[in-house]
Amino acid sequence: MSDTLTAPASPAAESDHGHGVVHDTNTGISNEKLGMWVFLGSDCMLFGGLISTYLLYKNRPLAPGVTGSTERISEVFDIAFTSASSFVLLMSSLAMVLAVTSIARGDHHRLRLWLGTTAFLGAIFIGGQVYEFTEFVREGFGYTTNVSASAFFTLTGFHGVHVTFGILMLLTLMVLSFKGRIPQSKSEAVEIVGLYWHFVDVVWILIFTVVYLIP
Amino acid sequence: MSTPSPDPAASGTETLPSSPFSEHDTLTAAEAATLEADPGLNRMVHHADMIYIKVGAVLAVLTAIEIALPELLDNGKIYGPLLIALMLIKFVLVAGFFMHLRFEAKVLSGFFYGGAVLAVIVYVAVLSAMVFWKGSGNPEFDNPPPAQPAVTVPEVIPGG
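Please read all numbers here as calculations on a predicted model, not as lab measurements. (Residues numbered from 1 in each chain as written. Chains lettered and ligands numbered in written order. Predicted model: local features only at pLDDT ≥ 70, side-chain atom pairs only at ≥ 80, totals over all residues. Heavy atoms only, no water.)

**Section: unusual backbone geometry**
Leaving glycine out, the prevailing phi sign among residues is negative, and the prevailing peptide bond configuration is trans. Residues and elements named next belong to chain B. Note the threshold: Strands are runs of DSSP state E lasting at least two residues, helices are runs of H or I lasting at least four, and both sets are numbered from the N terminus onward. For every residue, the accessible area (1.4 Å probe, protein chains only) is compared with the maximum for its type, and the residue is labelled buried under 20%, exposed over 50%, or partly exposed between those bounds.
One non-glycine residue with positive phi stands out, namely His100, at about 40°. Among the structural elements, His100 can be located in the loop between α5 (79-98) and α6 (106-131). For His100, a relative accessible area of 2% gives the class buried.

**Observations regarding helix α4 (residues 49-72) of chain B**
Residues and elements named next belong to chain B. Rule in force here: Under the convention used throughout, the expected extent of a helix is 1.5 Å for every residue step, that is, one less than its residue count. What the bend at a residue measures is the angle between two axes, fitted to the seven residues ending there and to the seven starting there.
In a regular helix each residue adds 1.5 Å, so 24 residues correspond to 34 Å; α4 covers 33 Å between its end C-alpha atoms and thus fits that length. At Glu66, α4 shows its largest bend, some 35°, and a proline, Pro70, comes one to four positions later. The complete set of buried residues in α4 reads Asp49, Ile51, Tyr52, Val55, Gly56, Leu59, Ala60, Leu62, Thr63, Glu66 and Leu69.

**Things to note about the nonpolar core**
Which entries qualify depends on this criterion: Each nonpolar core is a collection of buried residues, namely Ala, Val, Leu, Ile, Met, Phe, Trp, Tyr and Cys, held together in the definition by side-chain atoms within 4.5 Å. Any two residues whose heavy atoms approach within 4.5 Å at even a single point are treated as in contact.
Ranked by internal contacts, the top residues of the largest apolar core, which has 84 residues, are A:Ile73, A:Phe152 and B:Phe98. At the level of secondary structure, the elements contributing two or more residues to this core comprise α2 (31-57), α3 (79-104), α4 (108-138), α5 (147-178) and α6 (187-213) of chain A together with α4, α5 and α6 of chain B. The leading source of residues in this core is α6(A), at 18 residues. Residues within four places of A:Phe152 in sequence aside, it is in contact with A:Tyr54, A:Ile73, A:Phe77, A:Phe133, A:Phe136, A:Gly157, A:Val211 and A:Tyr212.

**Quick look at the packing of α2(A) against α5(A)**
Residue and element names in this part refer to chain A. Where we set the bar: Angular values range over 0 to 180 degrees, each being the angle between N-to-C directions of two axes fitted as lines to C-alpha atoms, with helices fitted over their stretch in contact. Oblique is the label for any angle not under 35 degrees, not over 145, and not in the 65 to 115 range, which are roughly parallel, roughly antiparallel and roughly perpendicular in turn. Crossings are sorted by hand: turned counterclockwise from the far helix by less than a right angle, the near helix makes the crossing left-handed, and turned clockwise it makes it right-handed. Polarity classes work like this: nonpolar for Ala, Val, Leu, Ile, Met, Phe, Trp, Tyr, Cys and Pro, charged for Asp, Glu, Lys and Arg, and polar for all others, with Gly in that last group.
Interaxial distance between α2 and α5 falls to 8 Å at its minimum, and their mutual angle equals 155°. With respect to each other, α2 and α5 are oriented roughly antiparallel. Two packed elements cross with a definite hand, and for α2 against α5 that hand is left-handed. Between α2, through Asp43, Leu46, Phe47, Leu50, Ile51, Thr53, Tyr54 and Tyr57, and α5, the contact on the second element is made entirely by Val147, Ser148, Ala151, Phe152, Thr154, Leu155, Phe158, His159 and His162. Among the residues making up the contact of α2 with α5, the classes are represented as 11 nonpolar, five polar and one charged.

**Describing the layout of surface pockets**
For clarity, the cut-off: The pocket and cavity definitions rest on a 1 Å grid over protein atoms only: a 1.4 Å probe that fits but cannot leave marks a cavity, an open set with protein on both sides within 12 Å along at least five of seven lines marks a pocket, and residues lining either have an atom within 4 Å of a point. Grid points are joined across faces, edges and corners, and a volume is the space filled by probe spheres set on the points.
The space that makes up the largest pocket amounts to roughly 1000 Å³. What lines the largest pocket is a set of 34 residues, and nearest its centre among them are A:Ile51, A:Leu55, A:Val210, B:Val120 and B:Val124. At the level of elements, α2 and α6 of chain A together with α5 and α6 of chain B are the ones that each hand at least two residues to the lining of the largest pocket. For the lining of the largest pocket, the element with the most residues is α6(B), which contributes 10 residues. Each residue belonging to the lining of the largest pocket can be placed in one class, and the counts come to 27 nonpolar, five polar and two charged.

**Side note on the side chain of A:Ser83**
Residue placement: A:Ser83 occurs in helix α3. If we skip the residues at most four places from it in the chain, A:Ser83 touches A:Phe208 and B:Ile67.

**Description of the side chain of A:Asn146**
All names here are of chain A. Keep this limit in mind: As used in this structure description, the phrase polar contact means that two N or O atoms lie within 3.5 Å; if the pair is within protein, one of them must be able to donate a hydrogen and the other to accept it, and residues adjacent in sequence are counted only when both atoms belong to side chains.
Its place among the elements puts Asn146 in the loop between α4 and α5. Here Ser148 takes part through its side chain, which lies 3.0 Å from a polar atom of the side chain of Asn146. Separated by 2.9 Å, the side chain of Asn146 and the backbone nitrogen of Ala149 make a polar contact.

**Details of the packing of aromatic side chains**
Put simply, the rule is: Each Phe, Tyr or Trp ring, with Trp reduced to its six-membered ring, pairs with another whose centre is within 6.5 Å; inter-plane angles below 30 degrees give stacked pairs, above 60 give edge-to-face pairs, and intermediate values give tilted ones. Lysine and arginine charges are scored as sitting over a ring when NZ or CZ, respectively, is within 6 Å of the ring centre and within 35 degrees of the ring normal.
Within this structure, the stated rule accounts for 21 aromatic pairs over all chains. Ring geometry for A:Phe77 against A:Phe136: centres 5.9 Å apart, planes inclined by 40°, an arrangement best described as tilted. Residue A:Phe77 is found in the loop between α2 and α3, and its partner A:Phe136 is found in helix α4; the two are separated by 59 residues along the sequence. Take A:Phe77 and A:Phe136: they sit in the same class, and that class is buried. Note on B:Phe91 and B:Phe112: the rings are 5.9 Å apart at their centroids and 10° apart in plane angle, and the pair reads as stacked. You can see B:Phe91 sitting in helix α5 and its partner B:Phe112 sitting in helix α6, a full 21 residues away along the chain. We note that B:Phe91, like B:Phe112, is buried. Chaining the aromatic ring pairs together yields one cluster made of A:Tyr54, A:Phe77, A:Phe125, A:Phe133, A:Phe136, A:Phe152, A:Phe153, A:Trp204, A:Phe208 and A:Tyr212. Positioned above the aromatic ring of A:Phe178 is the side chain of A:Arg112, whose terminal nitrogen or guanidinium carbon lies 4.7 Å from the ring centre.

**Some remarks on the environment of B:Leu72**
All names here are of chain B. Mapped onto the secondary structure, Leu72 falls in helix α4. The exposure class assigned to Leu72 is exposed, which follows from its relative accessible area of 59%. Separated by 38 residues in sequence, Leu72 and Gly110 place their C-alpha atoms 36 Å apart.

**Describing the confidence of the model for chain B**
For any part of a model where pLDDT is low, the fine detail of the predicted coordinates should not be relied upon. This is how it is decided: Values of pLDDT, which run from 0 to 100, indicate the predictor's confidence residue by residue.
Of the residues in chain B, 51% reach a pLDDT of 70 or more, and the chain-wide mean stands at 70. ipTM for the predicted complex: 0.83, alongside a pTM of 0.76.

**Brief notes about empty space enclosed by the protein**
Enumeration over the complete set of coordinates arrives at two cavities of 30 Å³ or more. Taken together, A:Phe81, A:Thr82, A:Ser85, A:Phe125, A:Gly128, A:Gln129, A:Glu132 and A:Trp204 make up the lining of the largest cavity. For the lining of the largest cavity, the secondary structure elements donating two or more residues are α3 and α4 of chain A. For the lining of the largest cavity, the leading source of residues is α4(A), giving four residues. Space inside the second largest cavity adds up to approximately 30 Å³. Lining the second largest cavity, in full, are A:Ser86, A:Leu90, A:Asp201, A:Trp204, A:Ile205, A:Phe208 and B:Lys90. It is α6(A) that provides the largest number of residues to the lining of the second largest cavity, a total of four residues.

In structure tokens form, the structure reads like this:
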């Protein structure tokens, strides 16, 4: 299967990339997309720090000189429930990539369908996380119960905030699409939001394994 | 409010070489021009949706295996390394196909995978310093840490 495509010279190629002008870059990647990748790189470091902090404290619920509960929050994990949430988020990534290919082909109806599906699955994931947090609080684990609980809530809470922002971006794209403001020539906007969404999924793949599954 | 697809016969067509997905092999000139402006997207769209659905199915199966591992394995020692291996496969599948790093400029792959490996090395080094190097002059990171008196917060008297 060939990965190359030679497109014919066309006035559209020279005149329209969303702004009416094609900007050449040294990397061959648009500044918008490169900006998103740089942001994702910095976000990698953020989540790396949060995951490391949880790993450091998960078996040591009490920091030196601090009193609190000696129980570990991992003792109340509901793996079956979190597994279902993980599956939902994985499938949302599939829906997102189908949205990107839809707009690349100029199929606006399917674009909105898949964007809506992605946002819906993301909302289910967030609902699951809210339920999970509520259950933990009922079990006696609040944000300040001990250090391991604080590290866990900070890590998964930051991820939840990322998912929420992703849902807002998806809904914004849907509104813009309904207004006809995402022509096929601006498909890169959908692709960039897709990059963010897939990154959030990748981070959850790490969190699910490292935090929930590995004893 | 779906936009009708332009008539290929009216706008000119282009046939992509050797793709197994014939229903997507014909692009209008406008579509080809749009894709030409973004090489990464160009190569990604060249692959049909079925590829992504297959990748999604593989991810679902890998997740099911992850969850079922404790039931499948008696040897708990290989449980952790197996989970890490499955996690890395899922990571590469999502980054490679869904984020289409496989089809993008090499600089992005180097940036993402290189940065991820560097971050893992840095964090593992820091964690190992805190967890494994006991008696290195930093007893607070021993496991368990040394007993210390609890911090007492002085009572604040309003207006006092």
